[in-house]
Amino acid sequence: MELAQLKEAVIAGDMARTKSLTEEALEAGIEPASILNDALISGMDKVGELFKVNEIYVPEVLLAAKSMQNAMGVLKPRLVDSGIQPRGKIVVGTVRGDLHDIGKNLVAMMLEGAGFEIIDLGNDVPAEKFVEAAVENDAGVIGMSALLTTTMHVMKETVEMLGEKGLSDKVKTMIGGAPVTASFASEIGAAGYGDDAATAVDLAKEFLEG
Ligand code: B1M
């Protein structure tokens, strides 16, 4: 059993094969951490790279992310057993008034694929809920998605609320979604703007790992 085959299965978005190869790898005695890092995460990193340069598109990314999640279902209990720490915690959600969650789900899956622990608040999330969840879970990043120009202001409210509570240094904000821009992010004082899910992963690494 070669981890390279498993990595290829993730990149190809082959859900059934990803799951069965993960089971095989565990049965062959390969360390869960190695399966995670050398096959699954490394496969998703490649997917992120291909996505960034438009060699693959959203449907392929979703399939790869689903495959990764399938494999994580098999791997998670074993990872917990072996005491692997997640890379850091991130609260994600689509802002209040906004029900578009496809992009947010993609970002959440890619972040999970990169080894972060995700607290997904779903959609229609008000500023106070983002802040409360970050405090309760001791998360270092809040990731907000908005697809409507009329809901982007909730991102500003969240950034301001963090500032009022003196949490701006402890909890970084990253924002994204079709109408959101880098200049809007700097205008409202968000720590980062992600044009796509792969950029969101790069930002999270930067925020949580320096
Ligand atoms: Co709606 N919708 N929609 N819609 N919808 C848009 C956004 C719209 C641009 C369509 C249009 O008119 N051309 C328009 C918004 C106009 C505007 O505000 N300027 C619009 C509208 C008007 C509406 C309604 C008001 C329609 C109505 O009822 N009259 C209504 C609003 C409902 C509500 O939210 N309250 C509505 C409803 C819906 C559906 C429910 C039918 C459905 C959503 C289903 C769902 O999400 N579960 C829907 C859809 C599918 C769309 C379009 C067609 C596609 C959105 C999508 O999923 N894209 C959209 C048109 C468009 O964007 N082309 C549209 C794929 C997704 C992977 O991309 O979300 O951009 P995206 O995410 C990307 C990046 O933006 C980035 O990474 C992702 C991957 O690259 N990203 C982040 C996203 N979040 C990020 C967070 C990050 C970092 C990166 O850090 C945390």
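Everything quoted here is computed from the prediction, not taken from an experiment. (Residues numbered from 1 in each chain as written. Predicted model: local features only at pLDDT ≥ 70, side-chain atom pairs only at ≥ 80, totals over all residues. Heavy atoms only, no water.)

Asker: What is the right way to look at the overall build of the protein chain in this model?
Answerer: Across its full length, the protein chain holds 9 helices and 5 strands. If you list the helices and strands of the protein chain from N to C, you get α-α-α-α-β-α-β-α-β-α-β-α-β-α. On C-alpha atoms alone, the protein chain measures out to a radius of gyration of 17 Å, which is about the 17 Å that the 2.2 N^0.38 rule sets for 210 residues. Dimensions of the protein chain along its principal axes, counting C-alpha atoms only, are 50 × 35 × 30 Å. Counting only contacts in the protein chain whose residues sit at least 6 apart along the sequence, the fraction spanning at least 24 positions is 73%. Here the protein chain has roughly 9700 Å² of accessible surface; of this, 51% comes from carbon and sulfur atoms. In the protein chain, which carries 18 positive and 33 negative side-chain charges, the distance between the mean positions of the two groups comes to 2 Å. (Helix = DSSP H or I, 4+ residues; strand = E, 2+ residues; numbered from the N terminus. Rg over C-alpha atoms; globule rule 2.2 N^0.38 Å. Contact = heavy atoms within 4.5 Å. Areas by Shrake-Rupley, 256 points an atom, 1.4 Å probe, with all protein chains shown as cover. Lys, Arg positive; Asp, Glu negative; His and termini not counted. Charge placed at Lys NZ, Arg CZ, Asp CG, Glu CD.)

Asker: Please clarify how the coordination of the cobalt atom of the ligand should be interpreted in this entry.
Answerer: Around a metal, the idealised angle for a tetrahedral arrangement of four donor atoms is 109.5 degrees; for an octahedral arrangement of six donor atoms it is 90 or 180 degrees. Inspection of the coordination sphere of the cobalt atom of the ligand shows a single protein donor, His100 (NE2), at 2.1 Å. With respect to the helices, strands and loops of the structure, His100 is situated in the loop between strand E1 (89-94) and helix H5 (102-113). (Donors = N, O, S within 2.8 Å, 3.2 Å for Na, K, Ca; no water.)

Asker: Help me understand the pairing of E1 in this model?
Answerer: Working note: regular strand, side chains alternate between the two faces of the sheet. Counting buried positions along E1 yields 5 of 6 residues, so the element is predominantly enclosed. Handedness of the crossover joining E1 and strand E2 (residues 117-120) through H5 is recorded here as right-handed. Relative to strand E3 (residues 141-145), E1 is paired through 5 bridges, and the arrangement is parallel. The partner of Gly93 across the bridge, within E3, is Met144. (Buried < 20%, exposed > 50% of the residue type's maximum accessible area, 1.4 Å probe, protein only. Right-handed = clockwise from strand over helix to strand, strands pointing away. Pairing = 2+ DSSP bridges.)

Asker: Explain the sheet that holds strand E4 (residues 172-176) to me, please; I cannot follow it from the model alone.
Answerer: Across the sheet, 5 strands lie side by side as E2-E1-E3-E4-E5; this open sheet has parallel pairing. Each end of this open sheet is capped by a strand with a single partner; those strands are E2 and strand E5 (192-194). Strand after strand, the sheet turns through a mean of 25° between neighbouring axes, direction not considered. As judged from the 5 bridges shared by E3 and E4, these two strands associate in the parallel manner. Counted as the bridge partner of Ile142 is Thr173 from E4. (Axes fitted to C-alpha atoms, helices over the stretch in contact; angles between N-to-C directions.)

Asker: Just to check I follow, could you spell out the site of the ligand for this structure?
Answerer: Around the ligand sit 26 residues in total, of which Leu99, His100, Asp101, Ser145 and Thr149 are the nearest. The contact in question runs from an oxygen atom of the ligand to an N or O atom on the backbone of Leu99, over 2.6 Å. Note that an oxygen atom of the ligand is positioned 2.7 Å from one of the backbone N or O atoms of Asp101. Listing elements by their share of the shell around the ligand, those giving two or more residues are H5, E3, E4 and helix H9 (197-209). Among the elements that make up the shell around the ligand, the one with the highest residue count is H5 (4 residues). For the shell around the ligand, a count of residues per class yields 13 nonpolar, 9 polar and 4 charged. (Near = heavy atom within 4 Å. Polar contact = N/O pair within 3.5 Å; in protein donor to acceptor, adjacent residues only side chain to side chain. Nonpolar A, V, L, I, M, F, W, Y, C, P; charged D, E, K, R; others polar.)

Asker: Explanation requested: the pattern of salt bridges in the structure shown.
Answerer: Side chains that differ in sign of charge can pair as their charged atoms come close. For the coordinates displayed, the defined rule picks out 8 salt bridges. Across the pair Lys104 and Asp120 runs a salt bridge, and its minimum N-O distance is 3.0 Å. Within this pair, whereas Lys104 is found in helix H5, its partner Asp120 is found in strand E2, the two being separated by 16 residues in sequence. For Lys104, a relative accessible area of 5% corresponds to the buried category. Residue Lys156 is joined to Glu160 by a salt bridge in which the shortest nitrogen-to-oxygen separation is 3.3 Å. (Salt bridge = Lys/Arg side-chain N within 4 Å of Asp/Glu carboxyl O.)

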